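Working through the structure, step by step
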Amino acid sequence: MHRLALAVAVLTVTPLAAQTLPQDNPVLRAMWAEGMTERSQAARLAHVLMDSIGPRLNGSPGYTAASDWLQRLYAEWGITVRREEYGTWRGWRGGHASLTLTSPRVQNLDATILAWSPGAAGPIEAEVAHVPELTDQVSANAWIGTVRGKIVLLGPSEMSCREPQSVERLATPETYAQLGAERTRRQRAFAASAQALGGGQRLHARLEEAGAVAVFQSQWSQGWGVNKVFAANTQRVPSLDLSCEDYGLLHRMASSGWAPRVRMVAEAEDLGTVPAFNVIGEIRGRELPNEYVLLSAHLDSWAGATGATDNGTGTITMLEAMRILRATYPNPRRTILVGHWGGEEQGLIGSRAFTEDHPDIVTNLQAVFNQDNGTWRIDYIQAQGLSAAGAHLQRWVGAIPTEISRHITLDLPGPQELGGSDHVSFLCHGAPGWRLQSHYPDYRQYTWHTDRDTYDKIIFDDLKNNATLAAMLAYMASEDPERVPRDRAVLPVNPQTGQPRPWIACNPARRRF
């Protein structure tokens, strides 16, 4: 295994009008003009997807609206498009949610309703209680008898809502260590209490059975003002996520015996069972129509924000790439497909279903290019353990403008990822499924699955770069005179067994909620 650095990233900004092709190629030159200049549509498309359509939770009207929009655009651009149903999911529409502290003083609080949470019939005003340290079932049973009519804080509070790297940099080592130790102690104490109450889903059920009127939680992302926001575990009462700061406020008040009260509005609608589907676009190949290049990105998001970097940027990358391809390369040698997948956040469902429903396409894939990790420019492509495929990747990347390629490191053949995104749905079958990966030191902490994943986090020069790169790679893969080989490298050793890791296995698609 070796890593091929095509160039060292620089800190200076290159004007987008620049273009340096290793060899003159009129198609690549036209793609640059279409994607990297003022003709780019990336910002306009992102504005519609994130600002107008918004969150795209699997099974929600937002996901359907985004799918309808994609289909209209592709039809307007002259690209064949279809909606492929692969199963069903739970339909849900989130509505207005607000939270106000009413006693011992008044303050608006930062709260988000969790995906698939039940709604409340109307405003609720109630006392907020925390889960104390419970050591056994006797103390757990005694405490749960006190929650009727109350809202329960389900989890410990944080000692500090400052990002850890800030504390590590500015506080004393002793303070940093003490804060970390106390955080661990609180988490372990709550885990023991939760276990005494039944643990897992049973804990939520017991709270509902005992008459709690809502559940609050806070899954802090360890960044300034940022939380992870996922799905509810309650079946009858609302579940809300509170900011680290406001959750801590309520928790401190409840722990001190101040009996804080809040007024909550939490609107949500259960829409029953709805179809689950992907959106597939196609530009038919002129010579090898039954061989395929696939551009891949998941369309769904969580509902805590607008899903800008997970995966609005990937969606726009592939949408804009298809527009560029249609404008500059309308008659590809191989068929070029784009897959906008549903249900990725629930386990790569849409892409896995596609591979199960289209084994002929999987068998005849020339390349899959997937993008799903944030806003920065693509700087790393791993061959995912395909031992002989690297020569193709190296040739394709080496042909594109150096303003793009100089930022990219190739890892050939690479150790292979065991998960992460939709490319593994194809890779597990042995197909060349590759991730166009961006640098993301702040992605996990600040935008991945958080309540701050919004349009303003997008860096549009990088989005233009990524869409243009995806179009160029699709063109190069389509025109390549040779099929990409599927030979498998010996993967790195599993330290637990002392043997090379086996090839990643394919998991079946979950086709219903």
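In this numbering scheme, every chain counts its residues from 1 along its sequence in written order. Given that this is a predicted model, residues contribute local features only at a pLDDT of at least 70 and side-chain atom pairs are listed and counted only at 80 or more, while totals for whole chains, interfaces and linings are drawn from all residues. Hydrogens are left out, water is left out, and the side-chain values use all remaining heavy atoms of the structure.

Quick notes on the side chain of glutamine 437
Selection criterion: Counting from the N terminus, the helices are DSSP H or I runs at least four residues long and the strands are E runs at least two residues long. Any two residues whose heavy atoms approach within 4.5 Å are treated as being in contact.
Checked against the element boundaries, glutamine 437 lands in strand β18 (residues 437–438). Not counting chain neighbours up to four residues away, the residues in contact with glutamine 437 comprise Asn373, Arg377, Ile378, Asp379, Tyr380 and Glu417.

Considering the side chain of serine 301
For the record, the criterion: Burial classes: relative accessible area under 20% of the type maximum marks a residue as buried, over 50% as exposed, and values in between as partly exposed (1.4 Å probe, protein chains only). Residues adjacent in sequence count toward polar contacts only when both atoms are side-chain atoms; beyond that, a polar contact is any pair of N or O atoms within 3.5 Å, and within protein one must be able to donate a hydrogen and the other to accept it.
Along the chain, serine 301 turns up in the loop between β12 (288–298) and α9 (308–328). Relative accessible area serves as the criterion here: at 1%, serine 301 is assigned to the buried category. A polar contact is formed between the side chain of serine 301 and the backbone nitrogen of arginine 56, at a distance of 2.9 Å. With residues near it in sequence (within four places) discarded, serine 301 still touches Pro55, Arg56, Leu57, Asn58, Gly307, Asp310 and Glu345.

Description of the pairing of strand β5 (residues 124–130)
For the record, the criterion: Whether two strands pair depends on DSSP finding at least two bridges between them.
Burial analysis of β5 places 5 of its 7 residues in the buried class, which makes it a mostly covered element. Direction of pairing for β5 relative to strand β6 (residues 151–153): parallel, over a ladder of 3 bridges. Note that in β6 the partner of valine 128 across the bridge is isoleucine 151.

Section: the nonpolar core
Convention followed: As used here, the term nonpolar core means buried Ala, Val, Leu, Ile, Met, Phe, Trp, Tyr and Cys residues forming a set that is joined through side-chain atoms within 4.5 Å.
If you look at the biggest cluster of nonpolar residues, it comprises 75 residues, and the most contacted ones within it are Leu325, Phe369 and Trp434. For this core, the element with the most residues is helix α16 (residues 460–479), which contributes 11 residues. Counting residues in each nonpolar core, the second largest holds 33 residues, with Leu57, Trp89, Ala111 and Ile151 among its members.

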